[in-house]
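Listed below are the residues making up each chain.
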Amino acid sequence: MQGALTRYRTIAWIVGVVLILLVVIGMPLKYLGDNPVVVETVGPFHGFLYMVYLVATFDLARRVHWPFSRMVLVMLSGTIPFLSFWAERKVTKNWVPSAAPEPALSK
Amino acid sequence: MKGLWSPAWVARHLLALVLTVGCLGLGWWQFSRAADGNSISYGYMFQWPVFGGFVVFIWLREIQLFRRKATGEPPAEPARADRAPRAPGAPVTFGRPVRVTSRPAHGEATGNDPELEAYNDYLAWLAAHPGARPADYPGRVPAEPQ
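Every chain's residues receive numbers from 1 upward, in the order its sequence appears when written. Whichever chain is written first is A, and whichever ligand is written first is 1; the rest continue in order. For a predicted model such as this one, the threshold for reporting local features is a pLDDT of at least 70, and the threshold for listing and counting side-chain atom pairs is 80 or more; totals across whole chains, interfaces and linings nevertheless cover every residue. To get the side-chain values, take all heavy atoms of the structure and skip hydrogens and water.

### Regarding the overall build of chain A
For step 1, the next point in the chain: Looking only at helices and strands, chain A has 4 helices and 0 strands in total.
For step 2, the next point in the chain: Secondary structure elements of chain A occur, N-terminal to C-terminal, as α-α-α-α.
For step 3, the next point in the chain: Residue burial is assigned from relative accessible area. The probe radius is 1.4 Å, only protein chains are included, and a residue is buried under 20% of its type maximum, exposed over 50%, and partly exposed in between. The buried share among the 107 residues of chain A stands at 43%.
For step 4, the next point in the chain: For chain A, the accessible area works out to roughly 6,000 Å², and carbon and sulfur atoms hold 69% of it. A run of DSSP states H or I qualifies as a helix once it reaches four residues; a run of E qualifies as a strand once it reaches two. Both are numbered from the N-terminal end. Per-residue and other accessible areas follow the Shrake-Rupley method at a 1.4 Å probe size, with only the shown protein chains counted as cover for residues.

Structure representation (structure tokens):
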């Protein structure tokens, strides 16, 4: 479960950052600056990363027995710039049991 | 399978249908853009059907789960006690291998094997302290009669 959570958090962060690159840098460059190079390189890359994000979210949802609607919600939240980071925090804090990053193995 | 046509399920079927058709349509749109000379659209043209396929996969799996639940079949992954949610801060209680000294079986069942009694005491202590680790065992309580 912790492994699935780590995979989800990692890919959620990557997808969030790439999405912001795309929206904040790429799209103004393409539509205002007429320079589509960022969109052309990062765009398809983001598509594949989002596939990985979907699979990781599905895996996590299956392991922690989320309701269907919550899984869809988390999957869709990965498409919204900036909100994806908040969703990742929400998932880690509230929607995954025993989400302590380091279990107290020894004292 | 009457339950698959409840309002909630009809909404899910519609959602799956709309998303799948939408993904395929967007793939087709990218194909037309690619045919018009927008070479980057070739990449998107293949990505959109994959997303559509993922929607179909989720849809089929939800139906499968629902049918399993309806027929009373046990879930594929039965919940185990050690997979139960752990309170934050509580010690980890996963089953760890415990090394114990073992002896060839002889002379037990007499009830006065001190090693067996010590081991039973150890097991009882572990059972009484579910959060504890084997290394936390303080040893035989001296007050207890041998």
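What follows continues from the structure just given.
### Observations concerning the pattern of salt bridges
Residues and elements named next belong to chain A.
For step 1, the next point in the chain: Salt bridges are defined as contacts in which a side-chain nitrogen from Lys or Arg sits within 4 Å of a carboxyl oxygen from Asp or Glu. By the definition in use, this model includes 6 salt bridges over all chains.
For step 2, the next point in the chain: Put simply, Arg7 and Asp59 hold a salt bridge, and the shortest N to O gap is 3.1 Å. Of this pair, Arg7 sits in helix 1 (residues 2-31) while Asp59 sits in helix 2 (residues 37-64); the two residues are 52 residues apart in sequence, bridging distant segments of the chain.
For step 3, the next point in the chain: Arg7 sits in the partly exposed class, given a relative accessible area of 44%.
For step 4, the next point in the chain: One salt bridge connects Asp59 with Arg62, and the closest N-O pair in it is separated by 3.9 Å.

### Things to note about the layout of surface pockets
For step 1, the next point in the chain: Using only the protein atoms, space was sampled on a 1 Å grid; points where a 1.4 Å probe fits but cannot get out form cavities, open sets with protein on both sides within 12 Å along at least five of seven lines form pockets, and lining residues are those with an atom within 4 Å of a point. Grid points are joined across faces, edges and corners, and a volume is the space filled by probe spheres set on the points. One number sums up the size of the largest pocket: a volume of about 1,100 Å³.
For step 2, the next point in the chain: What lines the largest pocket is a set of 44 residues, among which Tyr50(A), Thr79(A), Leu26(B), Trp48(B) and Phe51(B) lie closest to the centre.
For step 3, the next point in the chain: Residue assignment for the lining of the largest pocket shows that the elements contributing at least two residues are helix 1, helix 2 and helix 3 (68-77) of chain A together with helix 1 (7-35) and helix 2 (41-70) of chain B.
For step 4, the next point in the chain: In terms of residues, the lining of the largest pocket owes the most to one element, helix 1 of chain B, which gives 12 residues.
For step 5, the next point in the chain: Its residues assigned to classes, the lining of the largest pocket comprises 30 nonpolar, 9 polar and 5 charged. All amino acids are sorted into three groups, where Ala, Val, Leu, Ile, Met, Phe, Trp, Tyr, Cys and Pro are nonpolar, Asp, Glu, Lys and Arg are charged, and the leftover types, Gly among them, are polar.

### Describing the confidence of the model for chain B
For step 1, the next point in the chain: Per-chain confidence: chain B averages 78 in pLDDT, with 72% of residues scoring 70 or above.
For step 2, the next point in the chain: In the predicted assembly, ipTM is 0.71 and pTM is 0.62. What pLDDT expresses is the predictor's confidence in each residue, scored from 0 to 100.

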